[in-house]
Each structure stands twice: as structure tokens, then as C-alpha cells.
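Observations on chain architecture
Now for the letters of each chain:
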Amino acid sequence: MLRLQKDLQLWIEQEINEFSQNCGVASQWREPLVAVAAAKDELFAELKQAVGPEHQLPEDMLPGARSVICYFLPFIPAIANSNSESRRASLPWFRAYLETNQLIARINSRLKQELEKMGGKADFAAATHNFSREKLISFWSHKHAAYIAGLGRFGNHQMLITDRGSAGRIGSLITDLEITRDTRPDQEYCLNRAGEKCNRCLERCVFGALTAAGLDKEKCYQICLKNVDFFKSENADVCGKCTTLVPCALKNPVDA
Ligand code: SF4
Ligand code: SF4
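Computed from a predicted model, the values in this text were never measured in an experiment. (Residues numbered from 1 in each chain as written. Chains lettered and ligands numbered in written order. Predicted model: local features only at pLDDT ≥ 70, side-chain atom pairs only at ≥ 80, totals over all residues. Heavy atoms only, no water.)

Let us now look at the site of ligand 2. Neighbouring ligand 2 are Cys205, Phe207, Ala209, Leu210, Leu215, Cys220, Ile223, Cys239, Gly240, Lys241 and Cys242. Tallied by class, the residues present in the shell around ligand 2 amount to nine nonpolar, one polar and one charged. (Near = heavy atom within 4 Å. Nonpolar A, V, L, I, M, F, W, Y, C, P; charged D, E, K, R; others polar.)

If you want it as C-alpha cells, here you go:
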């Protein structure tokens, strides 16, 4: 069993620095969080019910899979706060979405390389657009994998809340190396779920997609598609109003 958490953290931070300093990107990220799940964790099988029957198991993605490495790249407060006004996604938010997807591709290539040097194999799903358009169901849900790894807990907005909040993006990759797994937190990270009254994310969704009854995925996606038209980019299907200007945007509010 390999204890690689510190190395993973270092490789991810090196890629963030390299990307920030040498690739002409506008976005910036706070210190990443990393956690590892066992590929055989029984919760992966449950995702076929929780997410959909099309959801793949780690073994489907990489025969002989033993570990699933997950990481959260938290946006800096200026990016999260920029998305507080207007019904449209802000330009910094849209850019951060695109640039973080590029960053995740780079991080995954780097991690794959490092793991291969150690004699392992690794594979990964694209950071985004890996879902069925018809059913809006992911073939591989990075946020559910991150939950299983122990990176955080789900909030009422159905996003993962980590120790550095929910405004950011999640990457994951699967390897056949056996890495020490992390433990899942027992306590809730969402104020509502912890028994305090919040519901700020519901108020932030002025589009009626997120209500006390849950998330209407189709309505949410239609709002995201409006930003595709607005930014004239087919990759601009973003919104994120429910993860900005909320107590869980930048931290775990229950722990605060
Ligand atoms: S805004 Fe409040 S209710 Fe919504 S997910 Fe965050 S902590 Fe939970
Ligand atoms: S992403 Fe936008 S449309 Fe979707 S639930 Fe959040 S605020 Fe509502």
C-alpha cells in the first residue's frame, strides 16, 4: 500500500504553478485538496442507482483498478465573488471554468506520467461533457467519486462542499496502484443538513431550477445553455449562481 498523498499534492501544486505562470491564463486557484478512494469501495456500485445505470465502475474505466485519486481546485475569492451579480455567468467565472478544465487535463497527464514511472497504469474521464445529453447523467461523476474519497459532503445545491468550499472544480483519475485511502468525514458540511437554517443556494437560483423539492436538471441545463449563446462558446454551459455568494462557496460553513 503506497502512501502517496503528499506526492500527489506536490505534483498537482506544481502543475497549477506551471499553468498559472507560463500559459497566459487569467484564472487563479487556491491550494488544492486531494483524497483517494479504494476502487472497490462499495459506494461506486451504488452510483448506478444514485447517478444512473450508465455510470461506470472504476474497473470499467481501467481493468485492475485499485485506487481513485480525486482533487478539488478551489477558485480564488475574486472569481467566486465575480459571479454574484446578474443572471448571466460572469466573465471570470466562465473563463475559470474553461481554464480549469484545461488545468485538469494537464494535472491528469502529469499524475498518469508519475504513476507510470512507479510501474502503475492510470486512466481518466474528461473533466466535463462526459454525460448523456438526453438524460443529463454522467458516465463518470467526478463529484460523486470525490465524495467517496472523502473530499467533502453534498450540500442542498447538490454540489460537493469541501473544506475549501464548493466554488471550484473537481478532477479524478483511476490507477491500478494501491494507494492508502482517505476516510470520509462523518459530519455534514451543509448548514441545512447540519440542522441550521440556510437555504441561501435556493434563493440564489432565481431560475426555479433548484427548489426545496430538489434540482430540476433540465431547467438548470437550459439556464447553462443561455451562457453558451451569451459567450458564443459551446463550452460555456455554466451558471454556478448557487455556489457563489453562499456560506459554503469558499469554506465548510459548519466548521467555521
Ligand atoms: S447555501 Fe446553505 S443550504 Fe445551500 S448548500 Fe450551502 S450551506 Fe447548504
Ligand atoms: S447552476 Fe444556476 S440554474 Fe442550476 S441550480 Fe445553480 S443557480 Fe440554478
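So, next bit.
Residues in close proximity to ligand 1 total 13 residues, the closest being Asn156, Cys190, Cys198, Cys201 and Cys248. Spatially, ligand 1 is embedded in the largest cavity. A breakdown of the residues in the shell around ligand 1 according to their chemical character gives seven nonpolar, five polar and one charged. (1 Å grid on protein atoms, 1.4 Å probe; cavity = no way out; pocket = protein on both sides within 12 Å on 5 of 7 lines; lining within 4 Å. Sits in = over half its atoms within 2 Å of the grid points.)

Next up on the list: the packing of aromatic side chains. Under the defined criterion, the tally for this structure stands at six aromatic pairs. Between Phe94 and Phe231 the ring centres are 4.2 Å apart and the planes differ by 15 degrees, which places this aromatic pair in the stacked class. Pair noted here: Phe94 is in helix H5 (residues 91–117) and Phe231 is in helix H8 (residues 217–231), with a separation of 137 residues, a long-range link. For the pair Phe94 and Phe231, a shared accessibility class is recorded, and that class is buried. A connected cluster of aromatic rings, assembled from ring pairs, spans Phe94, Phe230 and Phe231. (Phe/Tyr/Trp six-rings, centres within 6.5 Å; stacked < 30°, edge-to-face > 60°. Helix = DSSP H or I, 4+ residues; strand = E, 2+ residues; numbered from the N terminus. Buried < 20%, exposed > 50% of the residue type's maximum accessible area, 1.4 Å probe, protein only.)

Attention now goes to empty space enclosed by the protein. Enumeration according to the criterion identifies one cavity of 30 Å³ or more in this entry. Considering only enclosed or pocket space, the largest cavity measures out at about 110 Å³ in volume. In terms of lining residues, the largest cavity is bounded by 15 residues, among which Cys190, Leu191, Cys198, Cys201 and Cys248 are the most central. (Points joined across faces, edges and corners; volume = space filled by probe spheres on them.)

Soluble globular proteins tend to bury their nonpolar side chains together. Counting 35 residues, the largest nonpolar core has Ile69, Leu73 and Leu111 as its most contacted members. Elements supplying a minimum of two residues to this core: helix H1 (5–22), strand S1 (33–38), strand S2 (67–74), helix H4 (77–82) and H5. Sort the elements by how many residues they give to this core and H5 lands first, with nine residues. Core analysis: the next-biggest nonpolar cluster, separate from the first, contains 26 residues, Ala35, Leu47, Phe72 and Phe154 among them. (Core = buried A, V, L, I, M, F, W, Y, C linked by side-chain atoms within 4.5 Å.)

Okay, the environment of Asn252 next. Looking at the element boundaries, Asn252 is found in the segment after H8. Given a relative accessible area of 4%, Asn252 falls into the buried group. Residues contacting Asn252, with those up to four places away along its chain left out, are Ile161, Thr162, Asp163, Gly165 and Tyr189. At 3.0 Å, the side chain of Asn252 and the backbone nitrogen of Val254 are in polar contact. (Contact = heavy atoms within 4.5 Å. Polar contact = N/O pair within 3.5 Å; in protein donor to acceptor, adjacent residues only side chain to side chain.)

Our focus in this paragraph is unusual backbone geometry. A positive phi angle, near 60 degrees, is found at Asn199, a position not held by glycine. Looking at the secondary structure, you find Asn199 in the loop between strand S8 (168–175) and helix H7 (200–204). The backbone phi angle of Lys232 is positive, close to 50 degrees, even though this residue is not glycine. With respect to the helices and strands, the residue Lys232 is situated in the segment after H8. With a relative accessible area of 74%, Lys232 lands in the exposed category.

Here the focus is the sheet that holds S2. In sheet architecture, strand pairing relies on hydrogen bonds along the backbone and comes in two forms, parallel and antiparallel. A sheet is described by the order of its strands in space; here four strands give the open sequence S1-S2-S8-S3, paired in antiparallel fashion. In the strand order of this sheet, the two ends are held by S1 and strand S3 (122–123), each with one partner. Examined bridge by bridge, S1 and S2 share six bridges and lie antiparallel to one another. Opposite Ala38, over in S2, you have Ser67 as the bridge partner. (Pairing = 2+ DSSP bridges.)

This part takes up the pattern of salt bridges. Counted by the stated rule, this structure contains 11 salt bridges. The shortest N-O distance in the salt bridge between Lys112 and Glu116 comes to 3.0 Å. Residue Lys112 and its partner Glu116 are located together in helix H5, separated by four residues, close to a single helical turn. For Lys112, a relative accessible area of 26% gives the class partly exposed. (Salt bridge = Lys/Arg side-chain N within 4 Å of Asp/Glu carboxyl O.)

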